[in-house]
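Each chain is listed here by its residues.
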Amino acid sequence: ALCLANNYARARRMGVPIVLLPISTMNILWIVIQHPAISLLERFFGPSNLTRYGSRDWHFRDRAQAHIKFGDVWALVTPGEIWLNVVDPDAIVDIFQRRTQFLRPVELYQMLNVFGMNVSTVNSIEWKRHRKIISAPFNELANNIAWAESLKQAREMLRGWVQEGSNGNIGLHRDTRTATLNVLAATGFNRSYNFHETRTSEQHGESYRVALFTLMDNSLFMQLVPKAILSSLFAPASWKQIGRAAEVFKEYMLNLLHQEKQLLSEGKAGASHLTSSLLRASEEYSHEKQTGNGKAKGLTINELLGNIYLINLAGHDTTSNTLAYSIAHLTLCPDVQDWISEEVHAIFGDSPSETWEYEATFKQLKRPLAVMYETLRMFPPIMAFPKSTKGQQQSLEVNGSAMMVPPNVYVVPSLLAVQSHTTHWGEDALVWKPSRWIDENNELVLPRKGTYLPWSDGAQNCPGKKFSQVTFVAAIASLFQFHRVQALCADGESKEHLEARLRKIINETAHGVLLRMKDADSLRLSWRRV
Ligand code: HEM
């Protein structure tokens, strides 16, 4: 109570509306029990501040409602933290530009440190070194490979979906995840996997892919239980499985690095590949250490593994969830499927996707990109990127009024609120409508700065932005060139009920680190050639 009173007094000095929560949203016990606890509290006592703003995914459920009620800036005050939520686009741009004043709070990203520190978990000085190294391989050569591989994966995935026929049990999330991880493997590790073989191996066996999925699905849990305990003799079997996944992933990556090192020494490795690029940085580090040559510019082996894990994690489920949300929406909008197909035909005619060239055509495929933009507007995989004032107070101008933000306050650009606010997106802000992204001159609409940032903004934005766009556009364009998708009714189900069920599935989220549908795999979808 004393901590809450203290934080309340600090927040009051900002002169903004305040909402109090009796529990810190970072409290470990609360993180574990919040979902059943919130359901129970809501059932017995009705909605309260705690049930509205106390969960990890409250931003998604609330969207712009809190800002419409409290204004463009308001504070969520808990015994542990003050979260200052901001929806004014100019203030949001300002926050991202002042990276050294509104700092990324690395303490909130510790779950990403499974193997070592990485670009998301180091402090702002070290960040520059990591960022320079990991950004280098994200170039047009990588995008070219991603394009070809995404087309290949989409073709194989679609073949399986069509074969599934009227059963429609396609496993939407499982399959888009397999495909996007294969795109990443082709680009990063120079391995081109067969979609169906990898899908089967994911259901059995102990591959690095299964290990990665296990680690990703349990990353919140791993934040609570140290790796050594997970692998200990007395740990329950389910914990040991997570510990084992960490070992399998590490072994695979070390093995890959070893092979790559050998290729490099023979002068064979492709310079564009992610692994060789990171490996060179690690060798540079060893060299610097041996020669005692100035400040470190390379990466230690643990940092190398840490960054490879981060890129695997950040680089595939983000795109695969976006594909899954998009396809789920497209089943509700057959007209948008035709709209995409029309553009694909105008560019490629009936040419098979094996012949599609990246450079000449990616820029022309505006409608698939519009689908991606619209899905990310309403369903951004990373729902919030808080910044912290740390030890210094900072000034901030919101709607033309200056305020002082005290030290150690988390300042949160309200991504989901600004991306679904009627002021910026009109009365139909909550309607999924890709056509809003194309203007009357057939150009992609450029939204006002600070109103659309699913890849974040400023220097710490997503280095994989274009890579994800290329992967997504290739997949959607090739899926809808000749085919259409339809959701299948359950026995005796009416069309209206099916639509309502689909919308419910779209809006029910899994409680993980990234936003994703809880039950995407339960959708029965039928693909047919037109
Ligand atoms: C739909 C696709 C994607 C979205 C919406 C997305 C979004 C984001 C966002 C919002 C951040 C900043 C997070 C923060 O500041 O807390 C980020 C960072 C990052 N993303 Fe992505 N991302 C996507 C795809 C990718 C892909 C395909 C890759 C790599 C292959 C990638 C690699 C990274 C990395 C390495 C970072 C950390 C950058 C840094 O801290 O400097 N992302 N992403």
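Quick caveat, the model's predicted, so the values are computed rather than measured. (Residues numbered from 1 in each chain as written. Predicted model: local features only at pLDDT ≥ 70, side-chain atom pairs only at ≥ 80, totals over all residues. Heavy atoms only, no water.)

> A description of the overall build of the protein should follow, citing residues and the corresponding values.
From N to C terminus, the protein includes 23 helices and nine strands. For a compact globule of 530 residues, the expected C-alpha radius of gyration is about 24 Å, and the protein comes in at 24 Å, within 12% of that figure. Considering only C-alpha atoms, the protein reaches an extent of 70 × 65 × 55 Å along its principal axes. Considering the protein as a whole, with its 530 residues, one finds that 55% of them fall into the buried category. For the protein, long-range pairs separated by at least 24 residues make up 73% of all intrachain contacts whose partners lie at least 6 apart in sequence. (Helix = DSSP H or I, 4+ residues; strand = E, 2+ residues; numbered from the N terminus. Rg over C-alpha atoms; globule rule 2.2 N^0.38 Å. Buried < 20%, exposed > 50% of the residue type's maximum accessible area, 1.4 Å probe, protein only. Contact = heavy atoms within 4.5 Å.)

> Summarise helix 22 (residues 465-482); cite the residues concerned and give the values.
Given a rise of 1.5 Å per residue, 18 residues ought to cover 26 Å, and the 27 Å separating the end C-alpha atoms of helix 22 matches this to within 8%. Most of helix 22 sits inside the fold, with 16 of its 18 residues counted as buried. (Expected span 1.5 Å × (residues − 1).)

> Please provide a residue-by-residue account of the domain arrangement of the protein, values included.
Per the domain assignment, the segments of the protein are domain 1 (2-108 + 384-416) and domain 2 (132-382 + 420-529). On the side of domain 2, 27 residues touch domain 1, which itself brings 22 residues to the contact. Here domain 1 and domain 2 share an interface that buries about 2400 Å² over both sides, 63% of which is from carbon and sulfur atoms. Our count for the domain 1 to domain 2 interface comes out at one salt bridge. When the shortest N-O distance is used, the salt bridge between Asp90 and Arg448 registers 3.3 Å. Counting only elements with at least two residues in the side of domain 1 that touches domain 2, the list comes to helix 2 (28-45), helix 6 (89-97) and helix 20 (415-418). Broken down by element, the residue count for the side of domain 1 that touches domain 2 peaks at five residues, all from helix 6. Here the residues of the side of domain 1 that touches domain 2 are counted per class, giving 14 nonpolar, one polar and seven charged. (Domains from an automatic or database assignment. Buried area = accessible area lost by both parts, 1.4 Å probe. Salt bridge = Lys/Arg side-chain N within 4 Å of Asp/Glu carboxyl O. Nonpolar A, V, L, I, M, F, W, Y, C, P; charged D, E, K, R; others polar.)

> Can you tell me about the site of the ligand, naming the residues and giving the values?
Taken together, the neighbourhood of the ligand is formed by 27 residues, with Arg104, Tyr109, Trp127, Arg131 and Cys462 sitting nearest. In this structure, Tyr109 approaches the ligand through a side-chain N or O atom, which is 2.5 Å from an oxygen atom. Measuring from an oxygen atom of the ligand, one finds a side-chain N or O atom of Trp127 at 2.9 Å. Only helix 7 (124-135), helix 16 (301-332) and helix 22 provide two or more residues apiece to the shell around the ligand. (Near = heavy atom within 4 Å. Polar contact = N/O pair within 3.5 Å; in protein donor to acceptor, adjacent residues only side chain to side chain.)

> Mind laying out the environment of Leu299, listing which residues take part and the relevant values?
Note on placement: Leu299 falls in the loop between helix 15 (274-291) and helix 16. A relative accessible area of 0% places Leu299 in the buried class.

> Lay out a nonpolar patch on the surface in plain terms, naming residues and giving numbers.
A grouping of Ile28, Leu29, Val32 and Ile33 is seen on the molecular surface, where their side chains present a nonpolar patch of about 370 Å² in accessible area. Within the fold, Val32 resides in helix 2. (Patch = residues over 30% accessible without salt bridge, like charges linked within 9 Å, V, L, I, M, F, W, Y side chains within 5 Å. Areas by Shrake-Rupley, 256 points an atom, 1.4 Å probe, with all protein chains shown as cover.)

> Help me get a handle on helix 11 (residues 208-217), residues and values and all.
Side chains that are three or four residues apart share a direction in an α-helix, a result of its 3.6 residues per turn. Most of helix 11 sits inside the fold, with eight of its 10 residues counted as buried. If you check which residues of helix 11 are buried, you get Tyr208, Arg209, Ala211, Leu212, Phe213, Thr214, Leu215 and Met216.

> Could you give an account of the packing of helix 16 against helix 17 (residues 334-348), naming the residues involved and the relevant values?
Two elements in contact, helix 16 and helix 17, have axes separated by 5 Å at closest approach and are oriented at 110°. Relative to helix 17, helix 16 is oriented roughly perpendicular. On helix 17, the residues that touch Leu330, Thr331 and Leu332 of helix 16 are Pro334, Val336, Gln337 and Ile340. The residue makeup of the contact of helix 16 with helix 17, split by class, is five nonpolar, two polar and no charged. (Axes fitted to C-alpha atoms, helices over the stretch in contact; angles between N-to-C directions. Parallel < 35°, antiparallel > 145°, perpendicular 65-115°, else oblique.)

> Describe in detail unusual backbone geometry, supporting the description with residues and values.
A positive phi angle is found at Lys390, which is not glycine, with a value near 45°. Here Lys390 falls in the partly exposed class, since its relative accessible area comes to 27%. The phi torsion at Asn408 lies on the positive side, around 55°, for a residue other than glycine. By secondary structure assignment, the location of Asn408 is in the loop between strand 6 (401-405) and strand 7 (410-413).

> Give me the packing of helix 8 (residues 140-164) against helix 9 (residues 172-189): which residues, what numbers.
One way to put it is that helix 8 packs onto helix 9 with a least axis distance of 8 Å and a crossing angle of 150°. By the angle class used here, helix 8 and helix 9 are roughly antiparallel. When the axes of helix 8 and helix 9 are compared, the crossing they make is right-handed. Taking contact as the criterion, the partners of Ala142, Ile145, Ala146, Glu149, Ser150, Gln153, Met157 and Trp161 in helix 8 are, on helix 9, Leu172, Asp175, Thr176, Ala179, Asn182, Val183, Ala186 and Thr187. Split into classes, the residues belonging to the contact of helix 8 with helix 9 amount to nine nonpolar, five polar and two charged. (Left-handed = near helix turned anticlockwise from the far one by under 90°.)

> An account of the sheet that holds strand 1 (residues 18-20) is needed here, citing residue identities and associated values.
A sheet is described by the order of its strands in space; here five strands give the open sequence 1-2-3-7-4, paired in mixed fashion. Looking at strand neighbours, the two that pair on one side only are strand 1 and strand 4 (387-388), the edges of this open sheet. Judged from the three bridges that link them, strand 1 and strand 2 (residues 73-77) form a sheet pairing that is parallel. Bridge pairing in strand 2 places Ile18 opposite Ala75. In the packing of helix 6 onto the sheet, the strands contacted are strand 3 (82-86), strand 4 and strand 7, and the crossing angle to strand 7 comes to about 125°. (Pairing = 2+ DSSP bridges.)

> Which residues make up the side chain of Thr319, and what values go with them?
By secondary structure assignment, the location of Thr319 is in helix 16. The exposure class assigned to Thr319 is buried, which follows from its relative accessible area of 4%.

> Quick rundown of the pairing of strand 7? Include the residues and the values.
Residues Tyr410 and Val412 line one face of strand 7 and the alternating positions Val411 and Pro413 line the opposite face, and both faces are buried. Two strands pair when backbone bridges link them, and strand 3 and strand 7 are joined in this way by four bridges, in the parallel orientation. When the sheet's bridge partners are listed, Trp83 is paired in strand 7 with Tyr410. Bridge analysis of strand 4 against strand 7 gives two bridges, and the strand direction is antiparallel. When the bridges of strand 7 are listed, Ser388 appears paired with Tyr410.

> Describe the pattern of salt bridges, listing the residues and the values that go with them.
Evaluated as defined, the whole model comprises 27 salt bridges. Lys518 is paired through a salt bridge with Glu508; the nearest N and O atoms lie 3.7 Å apart. Of this pair, Lys518 sits in the loop between helix 23 (495-507) and strand 9 (525-529) while Glu508 sits in the loop between helix 23 and strand 9, and the two are 10 residues apart along the sequence. Overall, the relative accessible area of 30% leaves Glu508 in the partly exposed class. Three or more residues joined by partner-sharing salt bridges are found here, namely Glu374, Arg377, Asp428, Lys433 and Arg436.

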